[in-house]
Amino acid sequence: MRLSVDQLDITLDRRPILRDVCLEVGPGEIVGLVGPNGSGKSTLLRAVYRSLRPEGGAVRVDGDDIWTLPARAAARRTAAVLQDVGHATGLCVREIVALGRTPHHGLLGRDGPEDHEAVDRALDQCGARPLADRDFASLSGGERQRVLLARALAQRPHLLVLDELTNHLDIRARFELLSLIRAIGTTTLAVLHDLDLAVRLCDHLVVLQQGAVVAAGPVLDVLTPAVLRDVFGVAASADRHADGVVRIVYAADPLALHLVERAAAG
Ligand SMILES: Nc1ncnc2c1ncn2[C@@H]1O[C@H](COP(=O)(O)OP(=O)(O)OP(=O)(O)O)[C@@H](O)[C@H]1O
């Protein structure tokens, strides 16, 4: 259950988007992919879940290059929960979660006892069993995110890929979903915009800036004041507090961006 991204290059519309990107996610680790808007995070995830073929480099799951595996074998290994995906109406929650079993089906595509067991377990893991018979389209944003995570877990993937899973969620729902991901223990690569959540969830962070990795490693090694200032444009530091929790503390009011710009200039 290991992800290795090796010297990945991606060009879109004749513009280089990712350059020489390398990263590793070890078994059971949660690695956060962070960086400013447009730095290439979603593009990198697309390459990892095999929706975008790179010009150079390789994505390996458990040592196998995903482009040398048959499509169905690659699909079984990686499950993605993506942001802002439109969803067809008319399917109930159980049917949506059962879609996670599709890569495991043979040519006849029939569900067996193992599929039912995987769906029930995923619904339970995500606290979504009471929603099982509801129309998916009738759910709140937070409930939908839980169900989409359950669909990914029903797949029993080696690797979980999450793109802004906590978008649109209130603060309590964010923490609930993130603690659920921690408890699941699947090897995970997660794009997160909220650095405060990223430092709580992740073992390691990878920072992308203009398509290149500019820092990678344990949270406190990566989020130095220089990285927070030069990459994210805020005067802040990440510190472990007495209760053991890492928090980001702003040196200046983050709304007073002119102070940050002056600090950077000086
Ligand atoms: N299909 C495409 N064709 C051309 N350029 C693209 C395409 N998809 C993305 N890009 C460009 O690639 C760059 C990286 O986009 P990407 O969505 O990967 O960034 P991101 O870090 O996920 O951004 P955000 O934080 O805003 O979601 C952006 O400049 C974007 O405009």
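- As recorded in an unreviewed UniProt entry, the protein goes by the name ABC transporter ATP-binding protein, listed as coming from Streptomyces fildesensis.

**Quick word on the overall build of the protein**
Next, step 1: Helices and strands together make up the secondary structure of the protein, namely 10 helices and 12 strands.
Next, step 2: Expected size for 266 residues packed as a compact globule is a radius of gyration near 18 Å; at 19 Å, the protein falls within 12% of this value.
Next, step 3: Principal-axis analysis of the C-alpha atoms gives the protein an extent of 65 × 40 × 35 Å.
Next, step 4: A buried classification covers 36% of the 266 residues belonging to the protein.
Next, step 5: Considering only intrachain contacts with a sequence separation of at least 6, the fraction spanning at least 24 residues in the protein is 64%.

**Observations concerning the site of the ligand**
Next, step 1: Looking at the ligand, the residues that line it are Leu12, Asp13, Ile17, Gly35, Asn37, Gly38, Ser39, Gly40, Lys41, Ser42 and Thr43.
Next, step 2: At three residues, helix α1 (residues 41-48) tops the list of elements feeding residues into the shell around the ligand.
Next, step 3: When grouped by side-chain class, the residues that make up the shell around the ligand number two nonpolar, seven polar and two charged.

**Concerning the domain arrangement of the protein**
Next, step 1: With domains assigned, the protein is organised as domain 1 (3-223) and domain 2 (224-266).
Next, step 2: On a C-alpha basis, the centres of domain 1 and domain 2 stand 28 Å from each other.
Next, step 3: Counting residues at the interface gives 14 residues for domain 1, matched by 10 residues for domain 2.
Next, step 4: Elements with a minimum of two residues in the side of domain 1 that touches domain 2: α7 (195-201), β9 (204-209), β10 (212-218) and α8 (219-222).
Next, step 5: Per-element tally for the side of domain 1 that touches domain 2: the top contributor is α7, with four residues.
Next, step 6: A class-by-class count of the residues in the side of domain 1 that touches domain 2 yields 10 nonpolar, two polar and two charged.

**Quick notes on unusual backbone geometry**
Next, step 1: Residues other than glycine seldom take positive phi values, yet Arg156 does so here, at roughly 55°.
Next, step 2: Position of Arg156 among the secondary structure elements: in the loop between α5 (141-154) and β7 (159-163).
Next, step 3: Note on Arg156: 18 C-beta atoms within 10 Å, which makes it partly exposed.
Next, step 4: Residue Glu164 is not a glycine yet carries a positive backbone phi of 50°.
Next, step 5: Mapped onto the secondary structure, Glu164 falls in the loop between β7 and α6 (171-184).

**So, the sheet that holds strand β1 (residues 3-12)**
Next, step 1: The strand order across the open sheet built from four strands is β2-β1-β4-β5, with neighbouring strands paired in antiparallel fashion. Edge positions in the sheet fall to β2 (15-25) and β5 (64-65), since each of these pairs with one other strand and no more.
Next, step 2: Across two bridges, strand β4 (residues 56-61) lies against β5 in antiparallel orientation. When the sheet's bridge partners are listed, Arg60 is paired in β5 with Asp65.

**Some thoughts on helix α4 (residues 113-125)**
Next, step 1: With 13 residues, α4 extends 18 Å from end C-alpha to end C-alpha; this agrees with the ideal 18 Å at 1.5 Å per step.
Next, step 2: All of the buried residues in α4 are Ala118, Val119, Ala122 and Leu123. One side of α4 carries all its buried residues, which in axial view fall inside an arc of 130°. Exposed and oriented more than 90 degrees from the buried face of α4 are Pro113, Glu114, Glu117 and Asp124.
Next, step 3: Positioned one or two residues after α4, Gly127 has a phi angle of 60°, which is positive.

**Some remarks on the environment of Arg129**
Next, step 1: Mapped onto the elements, Arg129 comes out in the loop between α4 and α5.
Next, step 2: Sequence separation of Arg129 and Phe175 is 46 residues, and the distance between their C-alpha atoms is 20 Å.

**Some thoughts on the sheet that holds strand β8 (residues 187-191)**
Next, step 1: Spatially, β6-β7-β8-β3-β9-β10 is the arrangement adopted by the six strands of the open sheet, whose pairing is mixed. Only two strands of the sheet have a single neighbouring strand rather than two, namely β6 (78-81) and β10. Adjacent strand axes in the sheet meet at a mean angle of 15° when their direction is disregarded.
Next, step 2: Looking at chain direction, β6 and β7 are connected through four bridges and run parallel. Following the sheet pairing, Val81 is matched in β7 by Leu162.
Next, step 3: Taken strand by strand, α5 contacts β6 and β7, and its axis lies near 175° from that of β6.

Conventions adopted
Residues numbered from 1 in each chain as written. Predicted model: local features only at pLDDT ≥ 70, side-chain atom pairs only at ≥ 80, totals over all residues. Helix = DSSP H or I, 4+ residues; strand = E, 2+ residues; numbered from the N terminus. Rg over C-alpha atoms; globule rule 2.2 N^0.38 Å. Buried ≥ 20, exposed ≤ 12 C-beta atoms within 10 Å, placed from the backbone. Contact = placed C-beta atoms within 7 Å. Near = placed C-beta within 6 Å. Nonpolar A, V, L, I, M, F, W, Y, C, P; charged D, E, K, R; others polar. Domains from an automatic or database assignment. Pairing = 2+ DSSP bridges. Expected span 1.5 Å × (residues − 1). Arc of directions from axis to C-beta. Axes fitted to C-alpha atoms, helices over the stretch in contact; angles between N-to-C directions.

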